[in-house]
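Take a look at the letters that make up each chain.
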Amino acid sequence: MNNYIPILMYHGIKTDLQSVPQGREIGADIYDVTLNNFVSQMNWLAQHQYHAIAIEEIDKLSYQKQVILTFDDGEMNNFIHALPVLQQLKFQAYFFVIVDRIGKPGYMGWDELNQMQEASMIIGSHSMTHPILTDLTDVQVEDELYNSLKILVNHLGDGVNTLSIPRGFCNDKVMQIAYASGYRHVFISERPENLESDCWDRIAVKASWNHQRFEKAIYGIKPINEQISDRVKKTIKKSLNGETYNRLRNTLISISSK
Ligand SMILES: [Zn+2]
C-alpha cells in the first residue's frame, strides 16, 4: 500500500452567493475553493476509502488510506460550508484561526469554534494577527504564538496544541519559539530548503485546480511547470526579506489580474 499521507491546506470555501471577509491579504482568493469543487474532492476521497484523520492517529491507523485536512484563517464559510460536508463523511479536520479576527465579520466566533469542537474538529492557532513571523523580533514572535495559544486554551480547553504558520514564512528560530510556547505540532506550507525543525508541510489546494490536479496532489505528484515556478519562488524568497518578497508578489498578482 502507498504510505504517502497527503496533508491538504484549504482556506475559504465559497459560493456565488456569499462574499468573503473584508480586508484579507492580497492574493487570498487564489485559495478560495468553490463549494462544488470541495464537495467533489471530499466525495472522491470517501469513494476511494480515504480516512481524514488527526496527526496522532497516523500510527494507530496505518493500515488505512489516510489524508489530513487543514483549513487556515478561520473564515465563517468553513463553518457554514465545510463542516456539514466533513461531518457527513465522518472526516476530521484542523481549523487554524487568526485569534484577533475571531468573531469579526466573515470569521468564526467562539460559538462556531465550540460547535466545531463538538463535531470532533480540531482547532489550532494561526497566530494573533497573521504577520510574516520571520520579519519580527523574537519577543514579537512569542507574543503572536504564545498569546494566541493561551487565549485559545482558555476558551476551548487544553486540547488546543497545534499551530499553522501564517503566510508561508518560517525559520528554525520561529519553530523553536513555537515549541517553547507549548505547541505539539506545527504545520507550514511548503518547507523552506534550509529548515531543520520538525514540522508538517502541506499542499495548498488552489481555486484554479481541476479534478485531475487534485488527484495528483493526493498521490504526491506535482506537475513539472509548477515545480519550476516553485523553484523560482523559493530562490527569490530566500534572497529577500518577507515584506519585500510579499510586496513583489502583490505587485505581480495585481499586474496579472489587470
Ligand atoms: Zn493564513
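Now for a description of the structure that goes with this document. Everything numeric here is computed off the predicted structure, so don't read it as measured data.

Parameters and conventions
Residues numbered from 1 in each chain as written. Predicted model: local features only at pLDDT ≥ 70, side-chain atom pairs only at ≥ 80, totals over all residues. Heavy atoms only, no water. Helix = DSSP H or I, 4+ residues; strand = E, 2+ residues; numbered from the N terminus. Buried < 20%, exposed > 50% of the residue type's maximum accessible area, 1.4 Å probe, protein only. Donors = N, O, S within 2.8 Å, 3.2 Å for Na, K, Ca; no water. Contact = heavy atoms within 4.5 Å. Axes fitted to C-alpha atoms, helices over the stretch in contact; angles between N-to-C directions. Parallel < 35°, antiparallel > 145°, perpendicular 65-115°, else oblique. Left-handed = near helix turned anticlockwise from the far one by under 90°. Nonpolar A, V, L, I, M, F, W, Y, C, P; charged D, E, K, R; others polar.

Glancing now at unusual backbone geometry. Here Asp73, not a glycine, exhibits a phi torsion of approximately 95°, which is positive. Tracing the backbone shows Asp73 in strand E5 (residues 65-73). Judged by its relative accessible area of 9%, Asp73 falls in the buried class. Not every positive phi belongs to a glycine, and Lys90 is a case in point at roughly 60°. In this structure, Lys90 sits in the loop between helix H2 (76-88) and strand E6 (94-97).

The textbook angles at a metal center are 109.5 degrees for a tetrahedron of four donors and 90 or 180 degrees for an octahedron of six. Here the zinc ion is held by the protein donor atoms Asp73 (OD), His126 (NE2) and His130 (NE2), which lie 2.0 to 2.1 Å from it. Donor residues for the zinc ion sit on one chain with the sequence pattern D-x52-H-x3-H. This pair shows no difference in class: His126 is buried, exactly as His130 is.

Quick look at the side chain of Arg202 now. Counting through the fold element by element, Arg202 comes out in the loop between strand E10 (200-201) and strand E11 (203-204). With near-sequence residues (within four places) excluded, Arg202 lies in contact with Ile7, Met9, Thr70, Asp72, Phe96, Ser164, Phe187, Ile188, Ser189 and Glu190.

Bringing the packing of helix H3 (residues 110-118) against helix H4 (residues 138-156) into the picture now. Orientation of H3 relative to H4, taken along the N-to-C sense of each, is 70°, at an axis distance of 11 Å. Viewed along their axes, H3 and H4 adopt a mutual orientation that is roughly perpendicular. Seen along the crossing, H3 lies across H4 with a hand that is right-handed. Residues Trp110, Leu113, Asn114 and Gln117 of H3 pack against Ile151, Leu152, His155 and Leu156 of H4. For the contact of H3 with H4, a count of residues per class yields 5 nonpolar, 3 polar and no charged.

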